Amino acid sequence: MLKHALAALILISACHLAPARAQDAAAPFDGDLQRLAEILGTLHYLRGICGANEGAKWRNEMQALIDAETPSGDRRARMIAGFNRGYNGFQQTYRTCTPAASVAIRRYIEEGSKISRDLTARYAN
(Lines give C-alpha, C1' and ligand atoms only; values in the text may rest on other atoms or scores of the structure.)
Protein backbone atom coordinates (compact mmCIF):
# COMPACT_ATOMS: atom_id res chain seq x y z
CA MET A 1 0.00 0.00 0.00
CA LEU A 2 2.75 2.45 0.95
CA LYS A 3 4.72 1.70 -2.20
CA HIS A 4 1.73 2.59 -4.35
CA ALA A 5 1.16 5.78 -2.39
CA LEU A 6 4.80 6.80 -2.83
CA ALA A 7 4.70 6.14 -6.55
CA ALA A 8 1.52 8.15 -6.95
CA LEU A 9 2.87 11.01 -4.86
CA ILE A 10 6.12 11.09 -6.80
CA LEU A 11 4.31 11.36 -10.10
CA ILE A 12 1.90 13.96 -8.78
CA SER A 13 4.74 15.98 -7.27
CA ALA A 14 6.83 15.78 -10.39
CA CYS A 15 4.00 16.92 -12.60
CA HIS A 16 3.16 19.90 -10.41
CA LEU A 17 6.58 21.30 -9.63
CA ALA A 18 7.31 24.74 -10.95
CA PRO A 19 9.14 24.68 -14.29
CA ALA A 20 12.91 24.67 -14.14
CA ARG A 21 14.66 28.02 -14.24
CA ALA A 22 17.67 28.76 -16.41
CA GLN A 23 19.39 25.75 -17.87
CA ASP A 24 21.69 24.90 -14.95
CA ALA A 25 20.33 27.22 -12.27
CA ALA A 26 19.43 25.47 -9.04
CA ALA A 27 15.77 25.42 -8.12
CA PRO A 28 14.80 25.98 -4.47
CA PHE A 29 13.61 22.38 -4.24
CA ASP A 30 16.72 20.75 -5.75
CA GLY A 31 17.88 19.41 -2.39
CA ASP A 32 14.56 17.65 -1.94
CA LEU A 33 14.66 16.27 -5.48
CA GLN A 34 18.17 14.92 -4.93
CA ARG A 35 17.09 13.25 -1.70
CA LEU A 36 14.05 11.79 -3.45
CA ALA A 37 16.32 10.49 -6.21
CA GLU A 38 18.56 8.87 -3.59
CA ILE A 39 15.53 7.23 -1.97
CA LEU A 40 14.39 5.91 -5.36
CA GLY A 41 17.84 4.39 -5.93
CA THR A 42 17.75 2.80 -2.49
CA LEU A 43 14.30 1.34 -3.12
CA HIS A 44 15.35 0.09 -6.54
CA TYR A 45 18.09 -1.96 -4.92
CA LEU A 46 16.42 -3.06 -1.69
CA ARG A 47 13.06 -4.00 -3.20
CA GLY A 48 14.95 -6.10 -5.74
CA ILE A 49 16.84 -8.15 -3.17
CA CYS A 50 13.74 -8.50 -1.00
CA GLY A 51 11.86 -10.27 -3.80
CA ALA A 52 9.33 -7.57 -4.63
CA ASN A 53 9.36 -8.63 -8.31
CA GLU A 54 8.88 -5.02 -9.39
CA GLY A 55 11.54 -5.06 -12.07
CA ALA A 56 12.53 -1.54 -13.03
CA LYS A 57 9.62 0.14 -11.20
CA TRP A 58 11.78 2.46 -9.06
CA ARG A 59 14.16 3.24 -11.90
CA ASN A 60 11.11 4.08 -14.02
CA GLU A 61 9.85 6.37 -11.23
CA MET A 62 13.21 8.13 -11.32
CA GLN A 63 12.96 8.50 -15.08
CA ALA A 64 9.44 9.92 -14.70
CA LEU A 65 10.78 12.44 -12.18
CA ILE A 66 13.56 13.49 -14.56
CA ASP A 67 11.13 13.68 -17.48
CA ALA A 68 8.74 15.87 -15.51
CA GLU A 69 11.42 18.18 -14.12
CA THR A 70 13.54 18.22 -17.31
CA PRO A 71 16.77 19.18 -15.59
CA SER A 72 19.86 19.65 -17.69
CA GLY A 73 23.57 19.89 -17.09
CA ASP A 74 24.59 19.88 -13.44
CA ARG A 75 21.03 19.59 -12.11
CA ARG A 76 20.44 16.42 -14.10
CA ALA A 77 23.82 15.00 -13.10
CA ARG A 78 23.11 15.66 -9.41
CA MET A 79 19.74 13.92 -9.58
CA ILE A 80 21.24 10.88 -11.31
CA ALA A 81 24.15 10.85 -8.86
CA GLY A 82 21.65 10.81 -5.99
CA PHE A 83 19.87 7.77 -7.45
CA ASN A 84 23.19 5.98 -7.95
CA ARG A 85 24.38 6.91 -4.45
CA GLY A 86 21.25 5.35 -2.94
CA TYR A 87 21.58 2.21 -5.01
CA ASN A 88 25.32 1.75 -4.52
CA GLY A 89 25.27 2.57 -0.82
CA PHE A 90 22.86 -0.22 -0.03
CA GLN A 91 24.42 -2.59 -2.53
CA GLN A 92 27.60 -2.42 -0.46
CA THR A 93 25.70 -3.09 2.78
CA TYR A 94 23.09 -5.71 1.88
CA ARG A 95 23.60 -8.82 -0.22
CA THR A 96 20.35 -10.48 0.81
CA CYS A 97 17.07 -9.32 2.29
CA THR A 98 17.26 -9.04 6.05
CA PRO A 99 14.81 -7.74 8.65
CA ALA A 100 16.89 -4.54 8.74
CA ALA A 101 16.53 -4.17 4.96
CA SER A 102 12.75 -4.55 5.28
CA VAL A 103 12.69 -1.85 7.96
CA ALA A 104 14.83 0.39 5.73
CA ILE A 105 12.40 -0.10 2.85
CA ARG A 106 9.46 0.94 4.99
CA ARG A 107 11.29 4.00 6.33
CA TYR A 108 12.44 5.13 2.90
CA ILE A 109 8.95 4.76 1.48
CA GLU A 110 7.63 6.89 4.34
CA GLU A 111 10.36 9.52 3.86
CA GLY A 112 9.84 9.61 0.09
CA SER A 113 6.10 10.03 0.59
CA LYS A 114 6.69 12.93 2.97
CA ILE A 115 9.08 14.65 0.58
CA SER A 116 6.57 14.23 -2.25
CA ARG A 117 3.74 15.67 -0.16
CA ASP A 118 5.90 18.60 1.00
CA LEU A 119 7.07 19.40 -2.53
CA THR A 120 3.53 19.31 -3.82
CA ALA A 121 2.27 21.52 -1.01
CA ARG A 122 5.02 24.12 -1.49
CA TYR A 123 5.54 24.21 -5.24
CA ALA A 124 2.38 22.94 -6.92
CA ASN A 125 0.98 25.26 -9.56
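Refer to the structure presented above.
For clarity, every value in this text was computed on a predicted model and none was experimentally measured. (Residues numbered from 1 in each chain as written. Predicted model: local features only at pLDDT ≥ 70, side-chain atom pairs only at ≥ 80, totals over all residues. Heavy atoms only, no water.)

(A) Up close: the overall build of the protein. When helices and strands are counted, the protein shows five helices and zero strands. N-terminal to C-terminal, the α/β element order of the protein is α-α-α-α-α. Here the contacts in the protein between residues at least 6 apart in sequence split such that 82% fall between residues at least 24 apart. Accessible area of the protein: about 6,400 Å², with a carbon and sulfur share of 53%. (Helix = DSSP H or I, 4+ residues; strand = E, 2+ residues; numbered from the N terminus. Contact = heavy atoms within 4.5 Å. Areas by Shrake-Rupley, 256 points an atom, 1.4 Å probe, with all protein chains shown as cover.)

(B) Summary view of helix H2 (residues 30-49). In this model H2 runs 29 Å from its N-terminal to its C-terminal C-alpha over 20 residues, within 8% of the 28 Å that 1.5 Å per residue would give. Where H2 ends, the next residue or the one after it, Gly 51, has phi of about 70°, a positive value. (Expected span 1.5 Å × (residues − 1).)

(C) Structural context of the packing of aromatic side chains. Inspection of every chain in the model, using the stated rule, returns four aromatic pairs. An angle of 80° between the planes, with centres 5.1 Å apart, marks the rings of Tyr 45 and Tyr 87 as edge-to-face. You can see Tyr 45 sitting in helix H2 and its partner Tyr 87 sitting in helix H4 (residues 73-93), a full 42 residues away along the chain. Given a relative accessible area of 8%, Tyr 45 falls into the buried group. The partly exposed category is assigned to Tyr 87, whose relative accessible area is 24%. Aromatic rings pair up to connect Phe 90, Tyr 94 and Tyr 108 into one cluster. (Phe/Tyr/Trp six-rings, centres within 6.5 Å; stacked < 30°, edge-to-face > 60°. Buried < 20%, exposed > 50% of the residue type's maximum accessible area, 1.4 Å probe, protein only.)

(D) A look at unusual backbone geometry. Notably, Asn 53 is not glycine yet its phi reads approximately 50°, a positive angle. The topology assignment puts Asn 53 in the loop between H2 and helix H3 (57-69). Assessed through its relative accessible area of 77%, Asn 53 is described here as exposed. Although it is not a glycine, Thr 70 adopts a positive phi angle of roughly 50°. Assignment of secondary structure puts Thr 70 in the loop between H3 and H4.

(E) Seen up close, the nonpolar core. Membership of the largest hydrophobic core comes to 26 residues, with the highest contact counts inside it found for Leu 43, Leu 46, Met 62 and Phe 90. Those elements giving two or more residues to this core turn out to be H2, H3, H4 and helix H5 (99-123). Not counting chain neighbours up to four residues away, the residues in contact with Phe 90 comprise Thr 42, Tyr 45, Leu 46, Ala 104 and Tyr 108. (Core = buried A, V, L, I, M, F, W, Y, C linked by side-chain atoms within 4.5 Å.)

(F) Representation of the environment of Lys 114. Here Lys 114 is to be found in helix H5. Taking C-alpha positions, Lys 114 is 9.8 Å from Leu 36, a pair spaced 78 residues apart along the chain.

(G) Here's a closer look at H4. Taking 1.5 Å per residue, 21 residues should reach 30 Å; H4 reaches 30 Å between its end C-alpha atoms and fits that length. Every buried residue of H4 is accounted for by Arg 75, Met 79, Gly 82, Phe 83, Gly 86 and Phe 90. Angularly, the buried residues of H4 cover 85° about the axis, an arc narrow enough to put them on a single face. If you follow the buried residues of H4, they end up packed against H2, H3 and H5. (Arc of directions from axis to C-beta.)

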